[in-house]
Amino acid sequence: MIPLVAVAHGSRDPRSAATVADLLDVVRERAPGLDVRGAFLDLSAPRLIDVLGALADEGHHRLVVAPLLLGRAFHARVDLPALLAEAAEAHPGLAVSVADVLGPSALLEAAALRRLADAGVEPGDPGLGVVLAAIGSSHAPANARVAEVARRWARTHGWAGVAPAFASATAPDVPTAIARLRARGARRIAVASWFLAPGLLPDKVAAQALAVDPSARIAPPMGNAVEVADLVVERYTAAWEFARTA
């Protein structure tokens, strides 16, 4: 098996890198024998370009880079290709196959629902409104994916409603989503996390929700949920199989 380099965005918040490390430990458990390396696009160490260089120095000629990104927004479409182009120039003998981003996937949804259950929230409560909170992007299709998940959950989980919200400048924000849920009859509020790891933006989401409703249930980020680990292995396998047959 060729090495897997799992690359996350990175954060100044040390909880983020620690959560990525925990997730990769679960990946190793789910795929024994797989050489798994962690890397970051920015803000955290080690940076992707350094990990790729180290693998090249170790004599590896092929590997798979798997983005730990929930959607195909700016980091997947611009930052990652730029870093891979830099690595290709520095190490022309290194063949890199790039796996798909993590979303959309039923496994991601299962992980988010697992974390919601960890916060004490179960399906079938018609008095509950659920905010599905994500980072938000200037790339509209990335936000539309989150809204699709919210609509699907609203149809299938028996809550008063599910409304998307975004932590960035993208609308709607968390207070707006809560207001929409209350207009649909929600008496209680829970926040589902469409985040991989803790950090400034998940903290912002939680603070906004609790400012509106101090009793709101706040789900933690997906983190090292086994569904996320299995999805990373699935993305790696698909990329490697495609490279072998191309």
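For every chain, the first residue of the written sequence is number 1, and numbering continues from 1 along that sequence. For this predicted model, a pLDDT threshold of at least 70 governs which residues receive local features, and a threshold of 80 or more governs which side-chain atom pairs are given and counted, while totals over whole chains, interfaces and linings are taken from all residues. The side-chain quantities take in all heavy atoms of the structure and omit both hydrogens and water.

**Q** Break down the overall build of the protein for me, citing the residues and quoting the values.
**A** When helices and strands are counted, the protein shows eight helices and eight strands. Note on method: radius of gyration uses C-alpha positions; expected globular size equals 2.2 Å times residues raised to 0.38. By the compact-globule yardstick of 18 Å for 246 residues, the protein fits well, its C-alpha radius of gyration being 19 Å. For the protein, the proportion of its 246 residues judged to be buried stands at 50%. For the protein, the accessible surface area stands at approximately 11,000 Å², while carbon and sulfur atoms represent 56% of it. One way to put it: in the protein the 24 positive side-chain charges average out to a point 8 Å from where the 25 negative ones average out. Here a strand is any run of E in DSSP of at least two residues, a helix any run of H or I of at least four, and the numbering for each starts at the N terminus. Remark: exposure states derive from per-residue accessible area (1.4 Å probe, protein chains only) relative to the maximum for the residue type, with buried under 20%, exposed over 50%, and partly exposed in between. Computed by Shrake-Rupley with a 1.4 Å probe, the accessible areas treat only the displayed protein chains as cover when residues are assessed. Residues scored as positive are Lys and Arg, those scored as negative are Asp and Glu, and His as well as the terminal groups of each chain are ignored. One atom stands in for each charge, and that atom is NZ of Lys, CZ of Arg, CG of Asp or CD of Glu.

**Q** For the environment of Asp-125, give the residues involved together with the corresponding values.
**A** Among the secondary structure elements, Asp-125 is positioned in the loop between helix 4 (106-118) and strand 5 (128-134). As a C-alpha pair, Asp-125 and Ala-160 span 35 residues in sequence and 7.4 Å in three-dimensional space. The contact definition used throughout considers only heavy atoms, calling two residues in contact when any of these lie within 4.5 Å. If near-sequence neighbours (up to four positions away) are discounted, Asp-125 is found in contact with Gly-158, Trp-159, Ala-160 and Arg-188. Here a polar contact is taken to be a pair of N or O atoms separated by no more than 3.5 Å, where protein atoms must pair a possible hydrogen donor with a possible acceptor and residues adjacent in sequence count only if both atoms sit in side chains. A polar contact of 3.0 Å, which involves the side chain of Asp-125, links it to the backbone nitrogen of Gly-127.

**Q** Run through empty space enclosed by the protein, naming residues and quoting values.
**A** The distinction between a cavity and a pocket rests on a 1 Å grid over the protein atoms alone: a 1.4 Å probe fits inside a cavity but cannot get out, while a pocket stays open yet meets protein on both sides within 12 Å along at least five of seven lines, and a residue with an atom within 4 Å of a point counts as lining. Grid points are joined across faces, edges and corners, and a volume is the space filled by probe spheres set on the points. Across all of its chains, the model carries one cavity of 30 Å³ or more by this definition. Every residue along the wall of the largest cavity is listed here: Pro-104, Ser-105, Glu-109, Arg-145, Glu-148, Val-149, Arg-152 and Trp-194. Partitioned by chemical class, the residues of the lining of the largest cavity number three nonpolar, one polar and four charged. Nonpolar residues are Ala, Val, Leu, Ile, Met, Phe, Trp, Tyr, Cys and Pro. Charged residues are Asp, Glu, Lys and Arg, and all others, Gly as well, are polar.

**Q** Talk me through the packing of helix 1 (residues 14-30) against helix 8 (residues 226-245); I want residue IDs and the actual numbers.
**A** An axis is simply a line fitted to the C-alpha atoms; with a helix, the fit covers only the stretch in contact. Between two such axes, the angle follows the N-to-C directions and lies from 0 to 180 degrees. Viewed as axis vectors pointing N to C, helix 1 and helix 8 meet at an angle of 65°, and their least axial separation amounts to 9 Å. Seen from above, helix 1 lies across helix 8 with right-handed handedness. On helix 8, the residues that touch Leu-23, Val-26, Val-27 and Arg-30 of helix 1 are Val-226, Val-228, Ala-229, Asp-230, Val-232 and Val-233. Tallied by class, residues from the contact of helix 1 with helix 8 come to eight nonpolar, no polar and two charged. Here a crossing is called left-handed whenever its near helix is offset anticlockwise from the far helix by less than a right angle, and right-handed whenever the offset is clockwise.

**Q** Mind laying out the sheet that holds strand 6 (residues 161-166), listing which residues take part and the relevant values?
**A** With parallel pairing, the four strands of this open sheet are ordered in space as 6-5-7-8. Pairing within the sheet leaves two strands with one partner each, and these edge strands are strand 6 and strand 8 (217-218). Two strands qualify as a pair provided DSSP detects at least 2 bridges between them. As defined by bridge partners, strand 7 (residues 188-193) adjoins strand 8 across two bridges and the pair is classed as parallel. Bridge pairing in strand 8 places Val-191 opposite Ile-218. Against the sheet, helix 6 (residues 174-183) engages strand 5, strand 6 and strand 7, with an angle of about 165° to strand 6.

**Q** Describe the nonpolar core, naming the residues involved and giving the relevant values.
**A** The criterion is simple. A nonpolar core is a set of buried Ala, Val, Leu, Ile, Met, Phe, Trp, Tyr and Cys residues joined through side-chain atoms within 4.5 Å. Of all hydrophobic cores here, the largest spans 52 residues; its most connected members are Leu-68, Leu-132, Trp-194 and Val-228. With nine residues, helix 8 is the single largest residue contributor to this core. Among residues more than four places away in sequence, those in contact with Leu-68 are Ala-6, Val-7, Ala-8, Val-20, Leu-23, Leu-24, Leu-102, Leu-196 and Val-232.

**Q** I'd love a proper account of the pairing of strand 5, names of residues and values included.
**A** With respect to burial, strand 5 is a largely interior element, seven of its seven residues being buried. By the alternation rule, side chains of strand 5 split into Leu-128, Val-130, Leu-132 and Ala-134 and Gly-129, Val-131 and Ala-133, which are all buried. When strand 5 meets strand 7, the two strands line up parallel, connected through six bridges. Within strand 7, the position partnered with Val-130 by the bridge is Ala-190. Strand direction decides the pairing type here: strand 5 and strand 6, joined by six bridges, are parallel. The residue bridging Val-130 from the neighbouring strand is Val-162, located in strand 6. The crossover handedness rule: strands pointing away from the viewer, path from first strand over the helix to second strand clockwise, crossover right-handed. Once the chain exits strand 5 it traverses helix 5 (residues 140-156) before rejoining the sheet at strand 6, and the crossover so formed is right-handed.

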